[in-house]
Amino acid sequence: MQINYNFAFFDESSKREIRRATLKAIAVPGYQVPFASREMPIARGWGTGGLQLTLSLVGLDDIVKVIDQGSDESVNAVSIKKLVQNTTDIRTTDETAKATLIQSRHRVPEIPLRAGQILVLQVPMPEPLRMYEPREAETKKLHAEKEYSGAWLMLFEQIMNYGSMTTGADHPVMVHDRYVMAPSPIPKFDNAKLNSSEALILLGAGREKKIYAVPPYTKVVSLDFEDYPFETESFEDRSCRLCGSTGVFMDELYDDASGTAYFQCNDTSYCLERMNEQSWREGAESR
Amino acid sequence: MGYVAVKGGTLAIEESLKRIKFERTKQGKVLDVTRIEGGMRGLIDQIMSESSLYDETLAALAIKQAEGSPEEAVFLLRAYRSTLPRKHYSRAVHTREMRVERRISASFKDIPGGQILGASVDYSHRLLDFDLMHETDEDAARWLEAFAGELGSFPEAGRPPELMKVMDYLIEQGLMISPADDNTEPDDVTRRSITFPASRSQKLQVLTRGQTGTVTSLAYAVIRGYGVSHPTVGELRVGRVPVCIDDPLGSGEDAEDSYYIGEIKVTEAEMLMSAAVAKEQGGKELSFEIGYGLCYGQNETKAIAMGILDHSLEQGDSRFPTQDQEFVLYHIDSVESTGFMSHLKLPHYVTFQSKMNDVRKTKTTVTTPKADETEEVKELCK
Ligand SMILES: [Zn+2]
């Protein structure tokens, strides 16, 4: 028995349904739109929400880039890219600037996104209020009433207990002065990239069955206090061991041989481009 | 020449996939899908039920591909299910029309129509049958022939639908209030995600798709001490029910115009719980309430457990997690729970880096390590 799957895996009516939810999400920035999330050939929690967005959106002219934890070559990124390619036969790329659709887990690329590009973020826990309210029926009400004192209180308690906000990745943001939103576990470093982004940003949570969006030029502000301003992860005095970059999000690596820590760009394609630029420049100079 | 990305991931995946095929085939023996379909009825029924896809052959294929892992087989079938367009909804299935293969009641010794034991392991002794080690197809054929001779014919697949329901008897006796028919158009949780408070159809759908072990464990918690008395199996039925769809061109009003498309084997459990009912002038009396379970295939433990959870969720006392809709319904799906467990194996170094930054910040006495001060890094990486 040979099964031939439809273009982009889903049947057409499923794709339409997902796109309808996506349009609603774009119309109400930061609001979590429930959708009938399908079971996918990859596991729940491995990017099924992002994948459903990607597959419902891709057309023959698209060029797709998939990154996981900043890397195009991470096994899960490769696996998702392979699935998209096998069911669509469209082109893929590692270069951020060349991609029309970028699916990512836990990172926004370092190269600024431009108008016309779509960034799809994979989301494990879409509900920013879940930390203190386990019930979906309740959090829905809190959002409807714009009742976010719990979110502020959570940050306040962290400051009281630890002297600083300890949200780690996924620091909550206020979207367009209306909805508090989980930016997916991107590092705090990436939060600023959501604000007034030229590209459309879509967030998909497969297991939790939610789609939400940050449309281009939407105001996105990380929650903080006047006297305790939002701070990103700090890589002060650090530079990438490979390309020398500063001011980017870095992986902290441990060198077994020398017993020292060193740093490297987390966005591997950015790092690679920088290194190539440098080698061309050096080549041109030596000529 | 420029720098190129290290292509480690692609190669690693390819090799890992070869490994998994190697594990399945290394003994030089592969399973015939028809043999799985013939001999693994229990697993097939469990997997069809959790997948909510009724197809024995595809279930057998999934079992082969998954090397017998139920969670993996269910995963394969659910993903396949996502690609199938929804062309029809069947008419309501009536279990009164069931061709009953097995039917028992724990409530009455003499139920009209009698207890029908059918095929059941309930009274088998769980002793390993070492004769099965060397059973052949010929042995099976000989046994079947003898069995047919004993019966005078090959056993029929179930009795004609004429059995009275235990429920009807209780209603007749005035021990149970006849529940009104709820003909609300059911929701479809696979087409519109569940909402809370959940409708009864949403609850029943999520329960019947639930992971067998989870549904069983949560129902066990109910009867062991998290919220309810001791339920009784009012009636448990296993058998085949006809499935009909409306004429796509017809009005859909008349059952006579519908098409019979086949039958499905199901297990139905009607669980009885006694409950207080308010009487006039503030008095109370006891009456029976029902919890309903229905699963694909012969899945008796799951159907009974589903009946218990259905009743438990109807109570809705949130002091008990087993009566909390979100607690039960969000956590019993095999694909969702196993998926989220397995995602923990994915690299999390970006989020971990971010957390490490927070941890360092809270340790005001410790400054961020210089390139050579790595003890703390080692500590955190442990
Ligand atoms: Zn670099």
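Given the structure is predicted, the values throughout are model-derived calculations rather than measurements.

A word on the overall build of chain B. Along its length, chain B carries 14 helices and four strands. On C-alpha atoms alone, chain B measures out to a radius of gyration of 27 Å, which is more than a quarter above the 21 Å that the 2.2 N^0.38 rule sets for 382 residues. The C-alpha extent of chain B, read off along each of the three principal axes, is 85 × 70 × 55 Å. Counting the 382 residues in chain B, one finds 37% classified as buried. Across chain B, the fraction of contacts at a sequence separation of at least 24, relative to all contacts at a separation of at least 6, is 65%. Of the accessible surface of chain B, which amounts to about 22700 Å², a share of 55% is contributed by carbon and sulfur atoms. Averaging the locations of the 45 positively and 60 negatively charged side chains of chain B gives two centres separated by 8 Å.

Quick look at the packing of aromatic side chains now. What the rule picks out here adds up to 10 aromatic pairs over all chains. On the basis of an interplanar angle of 85 degrees and a centroid distance of 5.1 Å, the ring pair of F108(B) and Y169(B) is categorised as edge-to-face. Separated by 61 residues along the polypeptide, F108(B) in the loop between β1 (99-104) and α6 (137-151) and Y169(B) in helix α7 (residues 166-172) bring together distant segments of the chain. Residue class for Y169(B) comes out partly exposed when judged on its relative accessible area of 28%. By the ring-pair criterion, three or more aromatic residues cluster together here, those being F189(A), F235(A), F249(A) and F263(A). Sitting over the face of the ring of Y179(A), R178(A) holds its NZ or CZ atom 4.2 Å from the ring centroid. Taking the ring centre of Y262(A) as reference, the NZ or CZ of R241(A) above it sits at 3.6 Å.

Right, let's talk about the coordination of the zinc ion for a bit. Ideal coordination angles are 109.5 degrees for a metal with four donors arranged tetrahedrally and 90 or 180 degrees for a metal with six donors arranged octahedrally. All names here are of chain A. Coordination of the zinc ion by the protein comes from C240 (SG), C243 (SG), C265 (SG) and C271 (SG), over a distance range of 2.1 to 2.4 Å. Here the zinc ion is ringed by four donor atoms whose angles at the metal span 103 to 120 degrees, and the overall shape comes out tetrahedral. Each donor residue of the zinc ion lies on one chain, and together they are spaced C-x2-C-x21-C-x5-C. With C243 in the loop between β10 (220-222) and β11 (250-255) and C271 in helix α7 (residues 268-286), this pair connects stretches of sequence that are 28 residues apart.

Quick look at a nonpolar patch on the surface now. A contiguous nonpolar surface patch, about 320 Å² in accessible area, is contributed by L153(A), F156(A) and M160(A). Mapped onto the fold, L153(A) is located in helix α5 (residues 149-162).

Bringing the layout of surface pockets into the picture now. There is about 2100 Å³ of room inside the second largest pocket. At the level of secondary structure, the elements contributing two or more residues to the lining of the second largest pocket comprise α3 (75-88) of chain A together with α1 (8-25), α4 (56-65), α5 (70-81) and α12 (334-343) of chain B. Among the residues forming the lining of the second largest pocket, the class breakdown is 23 nonpolar, 11 polar and eight charged.

So, on to the interface of chain B and chain A. Counting from both sides, the interface comprises 59 residues of chain B and, opposite them, 69 residues of chain A. Buried area between chain B and chain A, both sides added, is near 5300 Å², and the carbon and sulfur share of it is 57%. Linking chain B with chain A are eight salt bridges. E252(A) is the salt-bridge partner of R360(B), the closest N and O atoms lying 2.9 Å from each other.

This next bit is on unusual backbone geometry. Between F196(B) and P197(B) the backbone carries a cis peptide bond, its omega angle lying at -5 degrees. Structurally, P197(B) is set in the loop between α7 and α8 (200-209). Even without glycine at this site, Q69(A) takes up a positive phi of about 55 degrees. Examined against the element boundaries, Q69(A) turns out to sit in the loop between β2 (63-68) and α3. Despite not being glycine, S184(A) has its phi angle at roughly 70 degrees, a positive value. With respect to the element layout, S184(A) can be found in the loop between β7 (179-181) and α6 (188-194).

Next up on the list: the pattern of salt bridges. Evaluated as defined, the whole model comprises 45 salt bridges over all chains. Linking E39(A) and R209(B) is a salt bridge whose minimum nitrogen-to-oxygen distance equals 3.1 Å. A residue pair is termed interchain when its members come from two chains, as with E39(A) in the loop between β1 (33-34) and α2 (48-57) and R209(B) in helix α8. On the accessibility criterion, E39(A) (8% relative accessible area) is buried. Note on R209(B): relative accessible area 10%, which makes it buried.

All names here are of chain A. Domains assigned within chain A are domain 1 (12-222) and domain 2 (234-287). Centre-to-centre separation of domain 1 and domain 2, based on C-alpha positions: 27 Å. Counting from both sides, the interface comprises 14 residues of domain 1 and, opposite them, nine residues of domain 2. Here domain 1 packs against domain 2, burying approximately 950 Å² in sum over the two surfaces, 54% of which is carbon and sulfur.

With that out of the way, let us pick up a negative patch on the surface. Residues and elements named next belong to chain B. Together, E253, D254, E256 and D257 line one region of the surface with negative charge. Counting through the fold element by element, E256 comes out in the loop between β2 (232-245) and β3 (259-278). According to the relative accessible area criterion, E256 is exposed, its value standing at 69%.

Take the sheet that holds strand β4 (residues 284-296) of chain B next. Backbone-to-backbone hydrogen bonds pair the strands of a sheet. The strands run either parallel or antiparallel. Residues and elements named next belong to chain B. Taking strand neighbours across the sheet as the criterion, the four strands line up as β1-β2-β3-β4 in an open arrangement whose pairing is antiparallel. Of all the strands in the sheet, the pair left with one neighbour each is β1 and β4. Within the sheet, the average angular offset between the axes of one strand and its neighbour, ignoring direction, is 20 degrees. In the sheet, β2 pairs with β3 via 13 bridges, with the strands oriented antiparallel. By the bridge assignment, V238 is partnered in β3 with T267.

For any two helices packed against each other, the geometry is given by the interaxial angle and the distance between the axes. Here α3(A) crosses α1(B) at 75 degrees, and the two axes come no closer than 8 Å. Between α3(A) and α1(B), the crossing angle belongs to the class labelled roughly perpendicular. Across the interface between the two elements, V75(A), V78(A), S79(A) and K82(A) from α3(A) touch G9(B), T10(B), A12(B), I13(B) and L17(B) from α1(B). Across the contact of α3(A) with α1(B), the residue classes tally to five nonpolar, three polar and one charged.

Conventions adopted
Residues numbered from 1 in each chain as written. Chains lettered and ligands numbered in written order. Predicted model: local features only at pLDDT ≥ 70, side-chain atom pairs only at ≥ 80, totals over all residues. Heavy atoms only, no water. Helix = DSSP H or I, 4+ residues; strand = E, 2+ residues; numbered from the N terminus. Rg over C-alpha atoms; globule rule 2.2 N^0.38 Å. Buried < 20%, exposed > 50% of the residue type's maximum accessible area, 1.4 Å probe, protein only. Contact = heavy atoms within 4.5 Å. Areas by Shrake-Rupley, 256 points an atom, 1.4 Å probe, with all protein chains shown as cover. Lys, Arg positive; Asp, Glu negative; His and termini not counted. Charge placed at Lys NZ, Arg CZ, Asp CG, Glu CD. Phe/Tyr/Trp six-rings, centres within 6.5 Å; stacked < 30°, edge-to-face > 60°. Lys NZ or Arg CZ within 6 Å of the ring centre and 35° of its normal. Donors = N, O, S within 2.8 Å, 3.2 Å for Na, K, Ca; no water. Tetrahedral: all angles 85-135°; square planar, octahedral: opposite > 155°, others 65-115°. Patch = residues over 30% accessible without salt bridge, like charges linked within 9 Å, V, L, I, M, F, W, Y side chains within 5 Å. Salt bridge = Lys/Arg side-chain N within 4 Å of Asp/Glu carboxyl O. 1 Å grid on protein atoms, 1.4 Å probe; cavity = no way out; pocket = protein on both sides within 12 Å on 5 of 7 lines; lining within 4 Å. Points joined across faces, edges and corners; volume = space filled by probe spheres on them. Nonpolar A, V, L, I, M, F, W, Y, C, P; charged D, E, K, R; others polar. Buried area = accessible area lost by both parts, 1.4 Å probe. Domains from an automatic or database assignment. Pairing = 2+ DSSP bridges. Axes fitted to C-alpha atoms, helices over the stretch in contact; angles between N-to-C directions. Parallel < 35°, antiparallel > 145°, perpendicular 65-115°, else oblique.

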